[in-house]
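Below, each chain spelled out in residue letters.
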Amino acid sequence: MSRLACLYVPLFPLAARLRSERDLREEAVALFQGNGNAARVIGASRRARQAGIRPGMSLPQARALLPKLTVRSRDRSCERAAQDALLEIAESFSPRVEDGGEGIVYLELDGLERHFPGDSPEQELGHALTLTSNKAALPIWVGIASSKLAARVAAELPSSPKIVAPGQEASFLAPLPLHRLSPEAEVLETLERWGIHSIGEFARLPKNKVAGRLGEPGQKLHEKARGMDLYPLVPYQPPATFAEGMELEWPLVALEPFLFVARAALSRLCQRLASRGLASSRLELELNLEPDGLCHRSIQLPAPSRETKTLLTLIRLNLEREPPGAPVTAFTFLAHPDRPRKAQLSLFGPPALSPDKLATTLARLFALLGPDRVGSPKPTDGHRPERATLVEYTPPAPPEHRPDPRQGRGLLSVRTLRPPLPLEVITAPTVTQSRTSSTETQPPNTSVESSYVPREVLSVIQDGSTKRPSIQGRIKVASGPWSLEDEWWSEHSIERDYWDIELAEGGLYRLFRQRHTGEWFADGIYD
Amino acid sequence: MPNALLSSLPSDLQQYLKSARELTRQYTPPSTSTVLFPTTIDSLDDLLTGGLYRGQMIELIGYRSSGRFSTVLSLLAATTMAGEAAALIDLGNNLDPQQAALSGVDLQRLLWIRPQRLKDVLASAEALLAGGFPLVVIDLGTPPVPGGRGGEASWLRLARAALSHEAIVFVSSPYRVSGTAATGVVKATQGRPRWTNRRQTPRLLTGLTSKLSLEKLRGQCGGRSSTLHLTTHEALTFGMAT
């Protein structure tokens, strides 16, 4: 017979809320459900209970007992996230897990005893489950038995972990009151009328007679009373996304307070991703706005990441760029999980970048500079020198052996100016003379127009030009024109005449003249 | 007075207390790695005793047409062709991918970052070092550099990060920016262009010659210099390099 463990979170709605606001764990807190005068206490922390706060009290009654009582409303998104976290804790121990409803999770323990080779493996397992759950700020009680009912009833007892020995389920349940079986009200009333108050008394009744008198509900309840499960364990299918969020006590208008609250939620989200060896490739943010608005954002990450700081920076930049436009009343983060990048590192070749570190670095740079400023350069079709394309940075694996260093080419490169720098160029018709005097050495395909051989360069003053390099002076040597025609088939055709010039004061530049406008620009510095 | 205070303490406690001067004398800075990283530019390698060492921050300063950008591309080419990743922080947005490929840079291994402020340059460099990049090249473009020189503390922190991550930070700047943080400083003078013969019309640019001089290198004497010869792609292709 399979052994099962039940993880039970006492006062689940309150525990879920305190998981989101860990600072309140030692405070007197009461959780309310309902609005206005109809609001009633549904859970209270230990300190609040010690002061006399009980479920069902109204807010004025609770405040009368404890004026400094911290009050929170029930938050379904917190509870959903806490339930997911509880399931993930169970999944980190066993592959077969069942979602038992609010604050209850069952897990099959077959084969796990090998991981706890002590005198009492189940006891050690129970302690390990409690410890792991406490780390995730979710206090649990653990019950272990051979049936789900017995395990759940054992988990609801305060002496955690409670172990019910195999085959002892019926005797364990026997002295407990009938309401532990969660019977239908009608059935319970009938049984009490018969004078049956404990599970054991009910289990001792003949099976056929119970079925004959109470019908199918009574028969099922009888089987439960005998320690038998009505259904086998129903395996839990993990969701495609990880969600964390909370409703805010009051609407937030400023960004910083929102990020302060969001950091805690993101931290929990990253912790959950890390516990399953996953990272987030896309992060969605849902903001509930006052009074009834909804704002949805989707942030694509350059590579899967689970670093809180990086994700928070991305959210900050996104919200700074496009503010939601109304106070935020609740938020939810939705992480789309993906496997972190993996790579086999070489023992002999050059060291490769760690994929995980690279993903984090790229995400940080994206957050800092924006996605259009980080990437791998890629040659683009065409002839314009200022053209450039950025693609995703995915470096290939390094070679298995370090190659011998090559001799450098010592190539003179051009520092491209983007956008080209407008210039005023004084030209002189002096080339005609040299052309006539050296007709033999003139290349046959060179078509020099004597009217615009550059002689002097002046910078054009424009708005913001103080941030751009200034080029001016008398030209010592001019070489050109070198013709460039590109995209002649489109409306944005380019026809330029390029010149390499050396200024008398020093400096080597590449200029061009737009043929159709006659304007001059510098688009590069030989450097 | 400090001596009087010191002598008033128990003797077993006295031996643990030291003045700032004594601590400075005893402090031996962590040595840079011995892993050599040749730049494949002979003139620069000669000045830097063979090349760059991991953990160093080297600054190359020079005005326009001094061969600074060509040196940066040669360094990136040497690194990426050896199969290592490299990052170029290009403040002036001056990189032409086609030309970088001609210089021998393996573009797939190059991360190109185009910040707009010096503050972002420094933050990006720190992030890249933490990310494990073995070579981070910072090119500050042409003057005026947006953001001035940056705080010296930031450059010191960057130099420390390079040391702790055993990476190389190569700063190419029109003027000194890193203060005392750099392990070595090389200055490039404005280059002298080389043209084809006057009789040939039009005259063709064949290259640039500039002078590199070592201004500072920890543990070495400065003042040495060498000549940097750079040749245009056209001159190399058509055999006009000389």
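None of the values given here were measured: they were computed from a predicted structure.

Thresholds applied
Residues numbered from 1 in each chain as written. Chains lettered and ligands numbered in written order. Predicted model: local features only at pLDDT ≥ 70, side-chain atom pairs only at ≥ 80, totals over all residues. Helix = DSSP H or I, 4+ residues; strand = E, 2+ residues; numbered from the N terminus. Buried ≥ 20, exposed ≤ 12 C-beta atoms within 10 Å, placed from the backbone. Contact = placed C-beta atoms within 7 Å. Axes fitted to C-alpha atoms, helices over the stretch in contact; angles between N-to-C directions. Parallel < 35°, antiparallel > 145°, perpendicular 65-115°, else oblique. Nonpolar A, V, L, I, M, F, W, Y, C, P; charged D, E, K, R; others polar. Pairing = 2+ DSSP bridges. Core = buried A, V, L, I, M, F, W, Y, C linked by C-beta atoms within 7 Å. pLDDT = per-residue confidence, 0-100. Left-handed = near helix turned anticlockwise from the far one by under 90°. Expected span 1.5 Å × (residues − 1).

Chemist: Give me the overall build of chain B: which residues, what numbers.
Modeler: Helix and strand content of chain B: 9 helices and 11 strands. Counting only residues that meet the buried cut, chain B has 52% of its 242 residues in that class. In chain B, once contacts between residues fewer than 6 apart in sequence are set aside, the share between residues at least 24 apart is 69%.

Chemist: Explain the overall build of chain A to me, and be specific about the residues and the numbers.
Modeler: When you go through chain A residue by residue, the secondary structure sums to 14 helices and 20 strands. Across the 527 residues in chain A, those meeting the buried criterion constitute 38%. Here the contacts in chain A between residues at least 6 apart in sequence split such that 59% fall between residues at least 24 apart.

Chemist: Describe the packing of helix α13 (residues 355–369) of chain A against helix α7 (residues 118–130) of chain B, listing the residues and the values that go with them.
Modeler: Taken N-terminus to C-terminus, the directions of α13 of chain A and α7 of chain B make an angle of 170°; their axes are 9 Å apart at the nearest point. In terms of axis orientation, α13 of chain A runs roughly antiparallel to α7 of chain B. Residues T361, R364, L365, L368 and L369 of chain A of α13 of chain A lie in contact with α7 of chain B, whose contacting residues are D120, A123, S124, A127, L128 and A130 of chain B. Tallied by class, residues from the contact of α13 of chain A with α7 of chain B come to 7 nonpolar, 2 polar and 2 charged.

Chemist: Which residues make up the pairing of strand β10 (residues 205–217) of chain B, and what values go with them?
Modeler: Residue and element names in this part refer to chain B. Bridge count for strand β8 (residues 184–188) against β10 is 5 bridges, and the pairing is antiparallel. Residue pairing in the sheet places K187 in a bridge with S213 of β10. Pairing of strand β9 (residues 192–195) with β10 involves 4 bridges; the strand directions are antiparallel. By the bridge assignment for β10, R192 is matched with T209. Here 7 bridges tie β10 to strand β11 (residues 225–231), and the two strands are oriented antiparallel to one another. Directly across from K211, in β11, lies its bridge partner T227.

Chemist: Which residues make up the sheet that holds strand β8 (residues 162–163) of chain A, and what values go with them?
Modeler: Residues and elements named next belong to chain A. Here 5 strands make up an open sheet; going across it, the order is β5-β6-β1-β7-β8 and the pairing mixed. A single partner strand is all that each edge strand has here, and the edge strands are β5 (97–99) and β8. As defined by bridge partners, strand β1 (residues 4–8) adjoins strand β7 (residues 141–145) across 5 bridges and the pair is classed as antiparallel. Across the sheet, residue L4 finds its bridge partner in β7, namely A145. Against the sheet, helix α5 (residues 121–135) makes contact with β1, β7 and β8, and its axis sits at roughly 150° relative to β7, the strand it touches most. Docked against the sheet, helix α6 (residues 148–155) engages β1, β6 (104–108), β7 and β8, running at close to 150° with respect to β7.

Chemist: Account for the nonpolar core, naming residues and giving values.
Modeler: Membership of the largest hydrophobic core comes to 189 residues, with the highest contact counts inside it found for L7 of chain A together with V136, V137 and V169 of chain B. With 9 residues, α13 of chain A is the single largest residue contributor to this core. Among all residues touching V169 of chain B, those that are not within four sequence positions of it are M57, A125, V136, I138, L158 and A162 of chain B.

Chemist: Go over the confidence of the model for chain B with me, naming the residues and quoting the values.
Modeler: Averaged over chain B, the pLDDT score is 87; the fraction of residues at 70 or greater is 91%. Across the interfaces of the predicted complex, the ipTM metric reaches 0.85, alongside a pTM of 0.68.

Chemist: Talk me through the interface of chain B and chain A; I want residue IDs and the actual numbers.
Modeler: Much of the literature gives interface size as the accessible area that the parts lose upon coming together. Chain B puts 70 residues into the contact, and the matching count from chain A is 62 residues. If you list the elements that add at least two residues to the side of chain B that touches chain A, you get α5 (68–81), α6 (97–102), β5 (110–113), α7, β9, β10 and β11 of chain B. When grouped by side-chain class, the residues that make up the side of chain B that touches chain A number 35 nonpolar, 26 polar and 9 charged. Across 2 bridges, strand β13 (residues 374–378) of chain A lies against β5 of chain B in antiparallel orientation. Each bridged residue has a counterpart across the sheet, and for G375 of chain A the counterpart in β5 of chain B is W112 of chain B.

Chemist: Residue-level account of the sheet that holds strand β20 (residues 520–526) of chain A, with values.
Modeler: Paired through backbone hydrogen bonds, the strands of a sheet run either parallel or antiparallel to each other. All names here are of chain A. Taken in spatial order, the 6 strands close into a barrel running β15-β16-β17-β18-β19-β20, and their pairing is antiparallel. The average undirected angle you get between the axes of adjacent strands in this sheet is 45°. For strand β19 (residues 508–514) and β20, the ladder comprises 5 bridges, and the chain directions are antiparallel. Each bridged residue has a counterpart across the sheet, and for F512 the counterpart in β20 is F521.

Chemist: I'd love a proper account of unusual backbone geometry, names of residues and values included.
Modeler: Note: most peptide bonds trans; most residues except glycine with negative phi. Residue and element names in this part refer to chain A. Backbone torsion omega between S160 and P161 reads -10°, so that peptide bond is classified as cis. With an omega dihedral of -5°, the bond running from G480 to P481 counts as a cis peptide bond. Take P481: it is sitting in strand β17 (residues 473–486). The backbone of S182 sits at a positive phi, close to 50°, despite the residue not being glycine. Relative to the elements of secondary structure, S182 occurs in the loop between α7 (169–173) and α8 (185–194). Phi angles above zero are rare outside glycine, and E487 is one such case at about 55°. For E487, the position within the fold is in the loop between β17 and β18 (494–503). Owing to 13 C-beta atoms within 10 Å, E487 belongs among the partly exposed residues under this scheme.

Chemist: A description of the packing of helix α12 (residues 308–321) of chain A against α13 of chain A should follow, citing residues and the corresponding values.
Modeler: Residue and element names in this part refer to chain A. Where α12 contacts α13, the two axes come as close as 9 Å, and the packing angle between them is 20°. Here α12 is positioned roughly parallel relative to α13, judged by the angle of their axes. Considering how the two elements wind past one another, α12 and α13 form a crossing that is left-handed. Only T360, A363, R364, F366 and A367 of α13 make contact with α12, whose side of the interface consists of T310, T313, L314 and L317. For the contact of α12 with α13, the class distribution of residues is 5 nonpolar, 3 polar and 1 charged.

Chemist: Go over the environment of E152 of chain B with me, naming the residues and quoting the values.
Modeler: Residues and elements named next belong to chain B. Within the secondary structure layout, E152 lies in helix α8 (residues 152–164). Each C-alpha atom, one on E152 and one on G179, is 6.2 Å from the other, the two residues being 27 residues apart in sequence. Sequence-distant contacts of E152, that is, excluding residues within four places in its chain, are made with G179 and A181.

Chemist: Quick rundown of the confidence of the model for chain A? Include the residues and the values.
Modeler: Predicted coordinates in areas of low pLDDT are best not read in detail. On average, residues of chain A score 86 in pLDDT, and 94% of them are at 70 or above. Across residues 431–450 of chain A, confidence stays below pLDDT 50; counting only partners more than four residues off in sequence or on other chains, it has 16 contacts.

Chemist: Quick one: what's the story with the pairing of β8 of chain B, residue by residue and with numbers?
Modeler: Residue and element names in this part refer to chain B. Counting buried residues in β8 gives 5 out of 5 residues, a clear majority hidden from the surface. In β8, alternate side chains face the same way, and those of G184, V186 and A188 on one face and V185 and K187 on the other are all buried. Sheet topology places strand β3 (residues 57–62) next to β8; 5 bridges connect them, and they run parallel. Residue pairing across strands places G62 opposite A188, the latter belonging to β8.

Chemist: Tell me about α7 of chain B, and please be specific about residues and values.
Modeler: A rise of 1.5 Å per residue sets the reference length of α7 of chain B, with its 13 residues, at 18 Å; its end C-alpha atoms lie 19 Å apart and thus fit the reference within 8%. Following α7 of chain B by one or two positions, G132 of chain B has its phi on the positive side, about 95°.

Chemist: Any chance you could break down the environment of F133 of chain B for me, citing the residues and the numbers?
Modeler: As for its position among the elements, F133 of chain B is in the loop between α7 and β6 (135–139). Owing to 25 C-beta atoms within 10 Å, F133 of chain B belongs among the buried residues under this scheme. For the pair F133 of chain B and V169 of chain B, spaced 36 residues apart in sequence, the C-alpha separation works out to 9.8 Å. Look past the residues within four positions of F133 of chain B in its chain and what remains in contact with it is L353 of chain A together with A85, A86, A87, L128 and A167 of chain B.

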